[in-house]
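# Commentary on secondary and tertiary structure
In case you want the letters, here they are:
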Amino acid sequence: MSHDHGHHKETFITKYIFSLDHKMIAKQYLISGLLMGIVGVVLSLFFRMQIAWPEESFEIFKVFLGDNFAPDGVMRNDIYLALVTIHGTIMVFFVLTAGLSGTFSNLLIPLQIGARDMASGFMNMLSFWMFFISCVIMIASLFVESGPASAGWTIYPPLSALPQAIPGSGLGMTLWLASMAIFIASSLMGSLNYVVTVINLRTKGMTMTRMPLTVWAFFVTAIIGIVSFPVLFSAALLLIFDRSFGTSFFLSDIFIQGEVLHYQGGSPVLFEHLFWFLGHPEVYIVLLPALGITSEIIATNSRKPIFGYRAMIASILAIAFLSTIVWGHHMFISGMNPFLGSVFTFTTLLIAIPSAVKAFNYITTLWKGNLQLNPAMLFSIGLVSTFITGGLTGIILGDSTLDINVHDTYFVVAHFHLVMGISALYGFFAGVYHWFPKMFGRMMNKNLGYVHFWVTAVCAYGVFFPMHFIGMAGLPRRYYTNSAFPLFDELADVNVLITIFAIVGAAFQIVFFWNFFYSIFYGKKATQNPWRSNTLEWTTPVEHIHGNWPGEIPEVHRWPYDYSKPGHDEDFVTQITPMKEGEEVLHH
Amino acid sequence: MTSFLVFIILVLVGIAVWQLTKIFDLTQIGGSSDNDEIANDKDNSVNGYLMFAFVGFIYVFTIYSLYAWGDLVLGTPASEHGKDVDNLMAISMALIFFVQTITQFLLHYFAFKYRGKEGQKALYFADNNKLEAIWTIIPVIVLAGLIMYGLYTWNDIMFVDKEDEQDAIVIELYAKQFGWEARYAGDDKTLGKANVRLIEGINTLGVDLADPAAQDDKVVTELHIPKGKRVIFKMRSQDVLHSAYMPHFRAQMNCVPGMITQFSFIPTVTTADMRNDEAIIAKVDKINKIRTKNSKKIVAEGGVALDPYTFDYLLLCNKICGASHYNMQMKIVVDTPADFKAWLAEKPTLAQQWKEANAPAPAVAPAVATPAVAVDSTKVVAQVIK
Ligand code: HEM
Ligand SMILES: [Cu+2]
Ligand SMILES: [Cu+2]
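Please read these numbers as outputs of a predicted model, since none were measured by experiment. (Residues numbered from 1 in each chain as written. Chains lettered and ligands numbered in written order. Predicted model: local features only at pLDDT ≥ 70, side-chain atom pairs only at ≥ 80, totals over all residues. Heavy atoms only, no water.)

## Quick look at the coordination of the copper ion (ligand 3)
All names here are of chain B. Of the protein atoms, only Cys317 (SG), Lys319 (O), Cys321 (SG) and His325 (ND1) coordinate the copper ion (ligand 3), at distances of 2.1 to 2.7 Å. Around the copper ion (ligand 3), the 4 donor atoms sit at angles spanning 85 to 127°, and that spread fits a shape best called irregular. All donors of the copper ion (ligand 3) belong to a single chain; written as a sequence motif, their spacing is C-x1-K-x1-C-x3-H. On the basis of relative accessible area, Lys319 is assigned to the buried category, the value being 3%. (Donors = N, O, S within 2.8 Å, 3.2 Å for Na, K, Ca; no water. Tetrahedral: all angles 85-135°; square planar, octahedral: opposite > 155°, others 65-115°. Buried < 20%, exposed > 50% of the residue type's maximum accessible area, 1.4 Å probe, protein only.)

## Quick notes on the domain arrangement of chain B
Interfaces are often sized by the amount of accessible area the parts lose when they come together. For chain B, the assigned domains read domain 1 (44-117), domain 2 (127-159) and domain 3 (169-274 + 309-360 + 370-385). The distance between the C-alpha centroids of domain 2 of chain B and domain 3 of chain B comes to 38 Å. (Domains from an automatic or database assignment.)

## Quick notes on the coordination of the copper ion (ligand 2)
Residue and element names in this part refer to chain A. At this site the copper ion (ligand 2) is bound by His280 (ND1), His329 (NE2) and His330 (NE2), with donor distances of 1.5 to 2.0 Å. The motif formed by the donor residues of the copper ion (ligand 2), counted along the single chain, is H-x48-H-H. Of this pair, His280 sits in helix α9 (residues 268-302) while His329 sits in the loop between α10 (309-323) and α11 (338-350), and the two are 49 residues apart along the sequence. Considered together, His280 and His329 belong to a single accessibility category, that of buried residues. (Helix = DSSP H or I, 4+ residues; strand = E, 2+ residues; numbered from the N terminus.)

## Considering the layout of surface pockets
There is about 990 Å³ of room inside the second largest pocket. Forming the walls of the second largest pocket are 30 residues, and the residues nearest its centre are Ala52, Pro54 and Ala492 of chain A together with Asn294 and Lys297 of chain B. Counting residues per element, the ones that place at least two in the lining of the second largest pocket are α2 (22-52) and α18 (492-522) of chain A together with α2 (41-69) and α7 (278-300) of chain B. Here the lining of the second largest pocket gets 7 residues from one element, more than from any other, and that element is α7 of chain B. The class makeup of the residues in the lining of the second largest pocket is 15 nonpolar, 5 polar and 10 charged. (1 Å grid on protein atoms, 1.4 Å probe; cavity = no way out; pocket = protein on both sides within 12 Å on 5 of 7 lines; lining within 4 Å. Points joined across faces, edges and corners; volume = space filled by probe spheres on them. Nonpolar A, V, L, I, M, F, W, Y, C, P; charged D, E, K, R; others polar.)

## Quick notes on the UniProt feature "domain: Cytochrome oxidase subunit II copper A binding" (unreviewed entry) in chain B
Here, UniProt's "domain: Cytochrome oxidase subunit II copper A binding" (unreviewed entry) annotation points to residues 166-346 of chain B. With 22% helix and 30% strand, residues 166-346 of chain B has its two end C-alpha atoms placed 24 Å apart. (UniProt positions renumbered as here; feature names shortened; annotations may be inferred.)

## Structural notes on the interface of chain B and chain A
With 133 residues of chain B in contact, the opposing surface of chain A contributes 144 residues. With both sides pooled, the region where chain B packs onto chain A buries about 12,200 Å², and carbon together with sulfur makes up 69% of that total. On the chain B side of the interface with chain A, the three residues burying the most area are Glu37, Tyr124 and Tyr326 of chain B, jointly 8% of the side's total. Seen at the junction of chain B and chain A, the total is 8 salt bridges. Put simply, Asp43 of chain B and Lys446 of chain A hold a salt bridge, and the shortest N to O gap is 2.7 Å. Put simply, chain B and chain A have 44 residue pairs in polar contact (both at pLDDT 80 or more) between them. A breakdown of the residues in the side of chain B that touches chain A according to their chemical character gives 76 nonpolar, 40 polar and 17 charged. (Contact = heavy atoms within 4.5 Å. Buried area = accessible area lost by both parts, 1.4 Å probe. Salt bridge = Lys/Arg side-chain N within 4 Å of Asp/Glu carboxyl O. Polar contact = N/O pair within 3.5 Å; in protein donor to acceptor, adjacent residues only side chain to side chain.)

## Section: the site of ligand 1
Residues and elements named next belong to chain A. Taken together, 25 residues are adjacent to ligand 1, and Tyr80, His87, Trp153, His417 and Arg478 come closest. Take His417: an N or O atom from its side chain is 2.7 Å from a nitrogen atom of ligand 1. Within the contact set of ligand 1, an oxygen atom lies 2.6 Å away from a side-chain nitrogen or oxygen of Arg478. Looking at the shell around ligand 1, the elements that each hand over two or more residues are α2, α5 (77-113), α16 (410-440) and α17 (446-472). Ranked by the residues each element gives to the shell around ligand 1, the list is headed by α5, at 7 residues. Partitioned by chemical class, the residues of the shell around ligand 1 number 16 nonpolar, 6 polar and 3 charged. (Near = heavy atom within 4 Å.)

## Observations concerning a nonpolar patch on the surface
A cluster of nonpolar residues, Phe233, Leu237, Phe241, Phe245 and Phe249 of chain A, forms a patch on the protein surface that exposes about 460 Å² of accessible area. Topologically, Phe233 of chain A is positioned in helix α8 (residues 213-244). (Patch = residues over 30% accessible without salt bridge, like charges linked within 9 Å, V, L, I, M, F, W, Y side chains within 5 Å. Areas by Shrake-Rupley, 256 points an atom, 1.4 Å probe, with all protein chains shown as cover.)

## Side note on empty space enclosed by the protein
All names here are of chain A. Scanning the model with the defined rule gives 10 cavities of 30 Å³ or more in all. Of the volumes computed, that of the largest cavity is approximately 190 Å³. In terms of lining residues, the largest cavity is bounded by 19 residues, among which Thr97, Ser101, Ser187, Ser191 and Tyr194 are the most central. At the level of secondary structure, the elements contributing two or more residues to the lining of the largest cavity comprise α5, α7 (171-200) and α8. At 6 residues, the largest contribution of residues to the lining of the largest cavity is made by α7.

## Some thoughts on the UniProt feature "domain: Cytochrome oxidase subunit II transmembrane region profile" (unreviewed entry) in chain B
In the UniProt entry, the feature "domain: Cytochrome oxidase subunit II transmembrane region profile" (unreviewed entry) is given for residues 66-161 of chain B. Structurally, residues 66-161 of chain B is divided into 71% helix and 2% strand, and its ends, taken at the C-alpha atoms, are 39 Å apart.

## Some thoughts on the environment of Asp164 of chain B
Its place among the elements puts Asp164 of chain B in helix α5 (residues 162-166). When the C-alpha atoms of Asp164 of chain B and Val231 of chain B are compared, they prove to be 9.9 Å apart, with 67 residues separating the residues in sequence.

## Here's the deal with the packing of α9 of chain A against α16 of chain A
Residue and element names in this part refer to chain A. Orientation of α9 relative to α16, taken along the N-to-C sense of each, is 45°, at an axis distance of 8 Å. One finds that α9 runs oblique with respect to α16. Pair α9 / α16 crosses with left-handed handedness. Counted together, Val283, Val286, Leu287, Ala290, Ile293, Glu296, Ile297, Thr300 and Asn301 of α9 and Val419, Met420, Ser423, Ala424, Gly427, Ala430, Gly431, His434 and Trp435 of α16 form the full contact between these two elements. (Axes fitted to C-alpha atoms, helices over the stretch in contact; angles between N-to-C directions. Parallel < 35°, antiparallel > 145°, perpendicular 65-115°, else oblique. Left-handed = near helix turned anticlockwise from the far one by under 90°.)

## Here we look at the packing of aromatic side chains
All names here are of chain B. On inspection of all chains with the given rule, the structure shows 86 aromatic pairs over all chains. Each ring, one from Phe57 and one from Phe61, has its centre 5.5 Å from the other, and the planes form 10°; the classification is stacked. Remark: Phe61 and Phe57 occur in helix α2; sequence separation between them is 4 residues, near one turn of the helix. Accessibility expressed as a relative area gives 23% for Phe57, which makes it partly exposed. (Phe/Tyr/Trp six-rings, centres within 6.5 Å; stacked < 30°, edge-to-face > 60°.)

Structure below.
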């Protein structure tokens, strides 16, 4: 493939819509992901309002949910579950899998390994457009008369299989399954592309151990996706069979609404196994790219090498491997053999080790640095903070004995939001602030970035930290209201506080969106390497061109973390700088 | 009213943003160059201090939470294994607080201490095997301890001794949208076979009334259990997944259609005694104050005042199961063994009830089912008898 730029005739359609260029596809993912994010967050505000002020009438509900879902402005109880379900689905899959990975894997893999584009630009485009279709279907499901899917993002059958059990399991669930099936196909195409690109298209001198940790993270994430998403696909397929063609993979002995159904011999526990075989790796699919982004940003802005580069790679690999053998920790009390519970406790707590290594390595990277506290850096430090706070409670949830009593309570909601939701979201924001100049050739406003970070940081703790307490009080998640239990009356104030933090935190995201869209058009012009970074993407011109580099692709001579290396005048040495005579490699 | 509230919040947020950007802007006076949007020394300084303040915020918020909400957590465990669970929880929590306090401090303190300054040089420190070994090995040791303790307790809870079992009371917990029923196995300690295909009339659990083991089974809607005796629960569901959550007993197990799951424990505190527990008295008082306050509002709006709250053990559903999942509960009463006996003796057996309801027809199961369909209650269990 020769890429003398300029000889492609480009129309608006090939440039902005059906683009094959990885940089444009990255932007498409970013914008779609952000828009889906707005939907996901707004849904969460709606159901938080219901929890804080149960069964009250709200004008907003009248407007947005309408008479059907919120008669007289009071949210229906099954619609509460529908909103929770779609919120979870959108956040996990659409924002933090496709939005985060899709944006940064696409943008950075070719740029950071020195490739002209992805291995298959066409598949890449197809991957985005399938993702887009799945977004459209998921959003469309919000407008279904009988309500969107309402069985939780985990869609356990029989609830998800039987429209008699909850209205959302009718057309809403059909659309959910269709959307996710397309999503998975899209994700697999993307992942295959990433893996092939990393393996085959590295520039001269870019050995595996000279790759930035971002690329390592994207690479391993793609592998996890390829291993685990097909299993969810098969689960979804079998569920479709049970729903529409009368098979009994997951159903047995059901009596509902005065009627015995014909299903015989299936097991919902089987579905749980299949679901979580993806479901758990999924949290690392969400998290690892964020950690990769953080590694890069913390090193650059500390003006120091990332501490323990090889240990970081080893822990990514260890996490990836372990993540596929811990799924049972979601099923300690599902009715599976308690001996398996022991095994999964063991593997789960093992995963704390590479995670601890990562946290300590980040902290050590800051030590004796010269920290440039740009907004991206703040979000990266914030990520480490929430990763620690949220990760530590994993010690409790991963312990089968303790899980008995906190399983499916708000303690879990607190845990996973901090460790994967908020952490990954911070990684996302960090990435946007850091690579905005690369994507749009302009800078985002830093002061708005600071405001955005600090308010978000306080609100994130304000929302999720108190949830540990109401969880330990025994409050189950996915409850439409807690007023059916006088026991929970004393939790009402806490729930109001949480909701207020959530509303304020969400409102301040407007600052980000304003900054983002304003800067695309009117931001200060970016210089070629604004953060004085070592990696290859900053050797490309600010103006995007096909093929990324105008001439030859540069050759790589060193690892990406030679910041403040003794013997150099500048505090950074780009990867394309040849080793000086007599210069030593100082890292292992 | 609500739109007004929203409006106010939006205005406040607007003002706050404007003010905050102003503050950050003020720190910028003088500097204006190409690199306007890149952190300069002043940004580093302001945000460095804010980082340090943030760890303070985390600490203060944690302490405030403990102070304000520490009493929200479930009180004294009411089961034998509950003490072990709480003990393990306390140890894990202590460890978590310790690690959280230290690591958050280091993280934010370093962010403050090493905030960038013109001319400051970072240390080129790429790796150190000794350090990395230390923070690999310490978690390994600590986690090994926790895993061992945890698994020891888990085995204790989930694997019941044969002898223990012989002395036990067997109860079926039956879940359906959106309520619970309980079936006592009676003196033979064996639940009669059951299957949803046999559900008819008052036989809402689908018990096979032809099964000899079913003859002494009793079905109730309020769960009584005796203090000091092992209670073995066999869970069943007739429609979707549910979860039998008994938080005061630190007990939970999913109810799975088509399968029988099991959990057992020994209750240690009667309902009457628990109502005299100091922490519970305080909790009940607090809740009743809140309820009185809420009642005033409700009455003012023409509604009926809320009942005062008295403490009871509860069985909640803790697996999303449909629209009324939030209100699927059953009262649990822990009696003294004597009271329990008396209570249970008064209840009629299902067979009797069936006979009365369907007299003069013979008390045989409706002819639908073949015995092969009936679930064999020893087939799948989520807890193992050694
Ligand atoms: C504005 C910020 C957010 C708020 C206020 C929020 C709030 C909540 C709450 C309260 C629940 C539990 C509802 C219930 O169980 O009744 C929930 C569920 C969930 N959230 Fe969020 N969340 C936020 C952001 C996120 C993010 C960033 C993620 C990404 C991982 C996420 C993923 C989920 C998932 C997976 C569920 C479970 C859904 C289910 O139960 O099926 N949320 N959210
Ligand atoms: Cu998991
Ligand atoms: Cu339920």
